[in-house]
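Here's the letter readout for the chains.
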Amino acid sequence: MADPVAAINELDRCINQLGFVGALVDNHVDQNFYDASAYDPFWSKLVDLDVPIYIHPTFPSELMKEALYTGGGLDANPAAETSIGTFGLGWHSSTANSLLRLLGAGVFDRHKDLKVIIGHTGETLPIMFERIDRISTFWVTGRNFSDVMRNNVWITTSGMFDIPSLKNVQSWMPIDRIMLSVDYPYSQNALARTYQSQIAQAGVLSPNDLQNFACRNAQKLLFNRKRPTML
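Because the structure is predicted, anything quoted here is derived from the model rather than measured. (Residues numbered from 1 in each chain as written. Predicted model: local features only at pLDDT ≥ 70, side-chain atom pairs only at ≥ 80, totals over all residues. Heavy atoms only, no water.)

1. Topic: helix α5 (residues 90-104)
Because an α-helix packs 3.6 residues into every turn, residues spaced three or four apart end up facing the same way.
Part 1 of the reasoning: When the terminal C-alpha atoms of α5 are compared, their 21 Å separation across 15 residues agrees well with the 21 Å that a helix rising 1.5 Å per residue should span.
Part 2 of the reasoning: Three or more residues of α5 are buried, namely Gly 90, Trp 91, His 92, Ser 94, Thr 95, Ala 96, Ser 98, Leu 99, Leu 102 and Leu 103.
Part 3 of the reasoning: With its phi angle positive at about 80°, Gly 106 sits one or two positions after the end of α5. (Helix = DSSP H or I, 4+ residues; strand = E, 2+ residues; numbered from the N terminus. Expected span 1.5 Å × (residues − 1). Buried < 20%, exposed > 50% of the residue type's maximum accessible area, 1.4 Å probe, protein only.)

And the structure:
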């Protein structure tokens, strides 16, 4: 992703030659968040291929670490530095930032059929959904936040197995945009199985919605196009 042209070529190879059903990329490359005009051909290619891209968290750059996640009292607790900057919060908010930058840069206006997946039950965005949608009217010149979220974005649970976060994302997103994900090997498959049982027992999702959440939504999103014949 550091080279938009190389990214397009690799995307085309993976989809048309190797039979991939989408792509997954880090949410930035050394603070490059892919919202510059140089990436417009890459987003266009995704739309032309009709496949989604999963924007996944990655580690903060050195400048990001220096500004936000090191120094002060944290110097005495390296484990806290690492966790706050990555899986504890930092890389989730960074991925939310990536999506909002694409929105603010008009990427979803120029590429109206772009399909984006984000994980970890929305990378902090659902809890801020109403506020972002209301305040974004000051800085969004085209389609608004809620329209993009509900028509261009799919959310996976990706290692989060709690009922409150599921209820929260349900409050804002259509159920056909929410998908179960394990985040294996960092989380185990058994946790996802238990989670589905808890959802069923609590009546959070109807049996049909639970089946959609567990597999059908992903099947519809990822296997909706003819795949190349493999030799």
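2. Description of the nonpolar core
Part 1 of the reasoning: Judged by nonpolar contacts, the single largest core of 47 residues is most densely connected at Trp 43, Met 149, Leu 166, Ile 199 and Phe 213.
Part 2 of the reasoning: Counting 5 residues, the second-largest nonpolar core is a separate cluster that includes Tyr 54, Ile 117, Trp 154 and Met 179. (Core = buried A, V, L, I, M, F, W, Y, C linked by side-chain atoms within 4.5 Å.)

3. As for the pairing of strand β2 (residues 53-56)
Part 1 of the reasoning: Bridge count for strand β1 (residues 23-26) against β2 is 4 bridges, and the pairing is parallel. Pairing of Ala 23 across the sheet is with Ile 53, part of β2.
Part 2 of the reasoning: With respect to chirality, the unit in which β1 leads through helix α2 (residues 40-49) into the neighbouring parallel β2 is right-handed.
Part 3 of the reasoning: The pairing of β2 with strand β3 (residues 116-118) spans 2 bridges and is classified as parallel. Among the inter-strand pairings, Ile 53 is bridged to a residue of β3, identified as Val 116. (Pairing = 2+ DSSP bridges. Right-handed = clockwise from strand over helix to strand, strands pointing away.)

4. Regarding the sheet that holds β3
Part 1 of the reasoning: Ordered in space as β1-β2-β3-β4-β5, the 5 strands form an open sheet in which the pairing is parallel. Strands with a single pairing partner mark the edges of an open sheet, and in this sheet they are β1 and β5 (178-179).
Part 2 of the reasoning: Against the sheet, helix α8 (residues 145-152) engages β3 and β4 (153-156), with an angle of about 70° to β4. (Contact = heavy atoms within 4.5 Å. Axes fitted to C-alpha atoms, helices over the stretch in contact; angles between N-to-C directions.)

5. Structural notes on helix α11 (residues 207-222)
Part 1 of the reasoning: Spanning 16 residues, α11 covers 22 Å between terminal C-alpha atoms, matching the ideal 22 Å at 1.5 Å per step.
Part 2 of the reasoning: By the burial criterion, the buried members of α11 are Leu 210, Asn 212, Phe 213, Asn 217 and Leu 221.
Part 3 of the reasoning: Summarising the contacts, the buried residues of α11 are in contact with β3, β4, α9 (163-172), β5 and α10 (189-202).

6. Here we look at the UniProt feature "domain: Amidohydrolase-related" (unreviewed entry) in the protein chain
Part 1 of the reasoning: Under the local residue numbering, the UniProt record ascribes the feature "domain: Amidohydrolase-related" (unreviewed entry) to residues 3-222.
Part 2 of the reasoning: Each end of residues 3-222 is marked by a C-alpha atom, and these two atoms are 25 Å apart; helix forms 51% of the span and strand 8%. (UniProt positions renumbered as here; feature names shortened; annotations may be inferred.)

7. Topic: the pattern of salt bridges
Part 1 of the reasoning: Applying the stated rule across the entire model yields 9 salt bridges.
Part 2 of the reasoning: Where Asp 12 meets Lys 45, a salt bridge forms, and the shortest distance between an N and an O atom there is 3.1 Å. In this pair, Asp 12 sits in helix α1 (residues 4-16) while Lys 45 sits in helix α2, placing the two residues 33 residues apart along the sequence.
Part 3 of the reasoning: Assessed through its relative accessible area of 25%, Asp 12 is described here as partly exposed.
Part 4 of the reasoning: We note a salt bridge from Arg 134 to Glu 130, for which the minimum N-O separation is 2.9 Å. Separated by 4 residues within a single helix, Arg 134 and Glu 130 lie in helix α7 (residues 129-135), roughly one turn from each other. (Salt bridge = Lys/Arg side-chain N within 4 Å of Asp/Glu carboxyl O.)

8. Details of the environment of Leu 100
Part 1 of the reasoning: Take Leu 100: it is sitting in helix α5.
Part 2 of the reasoning: For Leu 100 and Leu 125, which are 25 residues apart along the polypeptide, the C-alpha to C-alpha distance reads 9.4 Å.
Part 3 of the reasoning: Once residues within four sequence positions are removed from consideration, Leu 100 is found in contact with Leu 125, Ile 132, Trp 139 and Phe 145.

9. Remarks on the packing of aromatic side chains
Part 1 of the reasoning: For the coordinates displayed, the defined rule picks out 8 aromatic pairs.
Part 2 of the reasoning: For the pair Tyr 34 and Tyr 39, a centre-to-centre distance of 5.4 Å together with 55° between the ring planes defines the contact as tilted. Both residues of the pair, Tyr 34 and Tyr 39, count as buried.
Part 3 of the reasoning: Aromatic pair Phe 59 and Trp 91: ring centres 5.3 Å apart, planes at 70°, arrangement edge-to-face. Highlighted residues: Phe 59 in the loop between β2 and α3 (62-69) and Trp 91 in helix α5, separated in sequence by 32 residues.
Part 4 of the reasoning: Of the residues examined, Phe 59 reaches a relative accessible area of 54% and is grouped as exposed.
Part 5 of the reasoning: A relative accessible area of 15% places Trp 91 in the buried class.
Part 6 of the reasoning: Taken together through their ring pairs, the aromatic side chains of Phe 59, Phe 87 and Trp 91 make up a single cluster.
Part 7 of the reasoning: Sitting over the ring of Trp 154, Arg 177 keeps its end group 3.8 Å from the ring centre. (Phe/Tyr/Trp six-rings, centres within 6.5 Å; stacked < 30°, edge-to-face > 60°. Lys NZ or Arg CZ within 6 Å of the ring centre and 35° of its normal.)

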